[in-house]
Amino acid sequence: MRTTGRALGYLASGVPAGVVGLVWTLAATLVVGLLAVTHLGGPAFLGAAWVTRRLATLERRRAGWVLDRPITSPYVPVTADTVGRRVAAVAGQPATWRDVAWLVVLFPIGLAGGVAGTVVAAVDLGAVTAPAWAWAVPNPHAPFPMKPLLTTTPGRFGLTLIGLALLPLAVWLLRTLARAQTAAARALLAPGLHAQLVQEAARLAQTRARVVDAQAAELRRIERDLHDGAQARIVAAGMTLALAARKLRTGGAAGPDVELARRQLDEALAELRRLVRGIHPPILTDRGLHAALAALAADSPLAVEVRGDRQARYPAAVESAAYFVVAEGLANAAKHADAATCVVDLTRTDAAIVVTLTDDGRGGADPSGAGLDGLRRRVEALDGTLTITSPPGGPTVLRAEFPCAS
């Protein structure tokens, strides 16, 4: 009933909206045309475009009654600093003229749809409620079969039955008319190719900036790990070996110092191996994503099950990003979620490669946290999407989707 009511409201409001749109378009065209030869032409055009956009925005919202959401705005921001440049920028956007075209065609489309929808609804509603009003409208000259239907009690209740029987048809007609009109509105008021290209360029610029920031942060992390970890251990081992050499020269016992230096070098080597695995695990290159995830699961304190095709190989960038998504997810599940088990599901569809990690922890993960935000940047760099679902009480589901073209 709500959907049908919205459809009827959209059709009925199309009549006054069409009248307003046509009157405004004619008046604005006349005024701007007359002022075009003066210095007021530019401001008049910008003012008319502003009002036209407001009317078109109302039309997008009105279409949302039927579409369940408003049509997306197609306008590209204008940053010009002079009137002439602003006029050129606004006039150069196809959306400006598509708005005008819709306000012109809205009058005949809105009038036809509004009249048809109102008639269909009124006739069916009048038939259903005939016993409540037909007795007050005597019509002894009505032709057959309307005379017995309107002037007799059985006939009035018969009209009610006919109206109820035709109710599904009336509902279908109203929704069809509304959908046809909103389809025309979407064709003219939705973002065109120009707006889509501008939005895509803006999105790519933002993604590139985030990737650059993520790579800079990764380089700082590597530098910090080298400086504070492996480098410090190697320096300590060198100092220990120097002390052992001095003891040898003076005839002292250098055995304990040599053993300490050996342990320090072993620790430095282990630190370097850990750092290399953090940059790009060699197993990814040698055996693929499934094997790398299996090795990651074996090192995890959780009971981890890895599902997916063991032999499948994916683009190197996708394998690397998916690996770090799972690594971060397992680390968070073990450290913050008090999880005991986790399932990693690796699937491939015709359009995407999907990695899903589900744990049985307490949930409540913050999708905007630093770790998850870094993962999101890594995934978005490949035009992928990362979604986190973590209601209080769990479970937490981490889902990364990469386009196959990646």
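Description of the structure in this document. (Residues numbered from 1 in each chain as written. Predicted model: local features only at pLDDT ≥ 70, side-chain atom pairs only at ≥ 80, totals over all residues. Heavy atoms only, no water.)

## A short note on the nonpolar core
Most often, soluble globular proteins keep nonpolar side chains buried together rather than apart. One finds Leu289, Tyr323, Val326, Leu386 and Phe402 to be the most contacted residues of the largest nonpolar core, which totals 35 residues. Counting only elements with at least two residues in this core, the list comes to α11 (289–299), α12 (316–335), β2 (341–348), β3 (352–359), α13 (370–380), β4 (385–389) and β5 (396–403). Ranked by the residues each element gives to this core, the list is headed by α12, at nine residues. Leucine 289 has contacts with Leu284, Tyr314, Glu319, Ala322, Tyr323 and Leu346, leaving out every residue within four places of it along the chain. In this structure, Leu55, Ala63, Ile71 and Trp102 belong to the second largest nonpolar core, which totals 19 residues. (Core = buried A, V, L, I, M, F, W, Y, C linked by side-chain atoms within 4.5 Å. Buried < 20%, exposed > 50% of the residue type's maximum accessible area, 1.4 Å probe, protein only. Helix = DSSP H or I, 4+ residues; strand = E, 2+ residues; numbered from the N terminus. Contact = heavy atoms within 4.5 Å.)

## Some thoughts on the packing of helix α2 (residues 41–67) against helix α3 (residues 83–91)
Packing of α2 against α3 leaves a shortest axis separation of 9 Å and a crossing angle of 40 degrees. In this view, α2 runs oblique relative to α3, as classed from their interaxial angle. Both α2 and α3 take part in a crossing whose hand is left-handed. The residues of α3 that touch α2, namely those facing Gly42, Pro43, Phe45, Leu46, Ala49 and Arg53, are Val83, Arg86, Val87, Val90 and Ala91. Here the residues of the contact of α2 with α3 sort into eight nonpolar, one polar and two charged. (Axes fitted to C-alpha atoms, helices over the stretch in contact; angles between N-to-C directions. Parallel < 35°, antiparallel > 145°, perpendicular 65-115°, else oblique. Left-handed = near helix turned anticlockwise from the far one by under 90°. Nonpolar A, V, L, I, M, F, W, Y, C, P; charged D, E, K, R; others polar.)

## Remarks on the packing of aromatic side chains
Counting across every chain of the model gives two aromatic pairs. Between phenylalanine 45 and tryptophan 97 the ring centres are 6.1 Å apart and the planes differ by 40 degrees, which places this aromatic pair in the tilted class. Of the two residues, phenylalanine 45 is situated in helix α2 and tryptophan 97 in helix α4 (residues 94–128); the sequence distance between them amounts to 52 residues. Of the residues examined, phenylalanine 45 reaches a relative accessible area of 16% and is grouped as buried. (Phe/Tyr/Trp six-rings, centres within 6.5 Å; stacked < 30°, edge-to-face > 60°.)

## Notes on the pairing of strand β1 (residues 303–307)
Pairing geometry for β1 and β2, over five bridges, is parallel. The residue bridging arginine 307 from the neighbouring strand is aspartate 345, located in β2. On the question of chirality, the crossover connecting β1 to the parallel β2 by way of α12 is left-handed. (Pairing = 2+ DSSP bridges. Right-handed = clockwise from strand over helix to strand, strands pointing away.)

These figures come from the coordinates and say nothing about function on their own.
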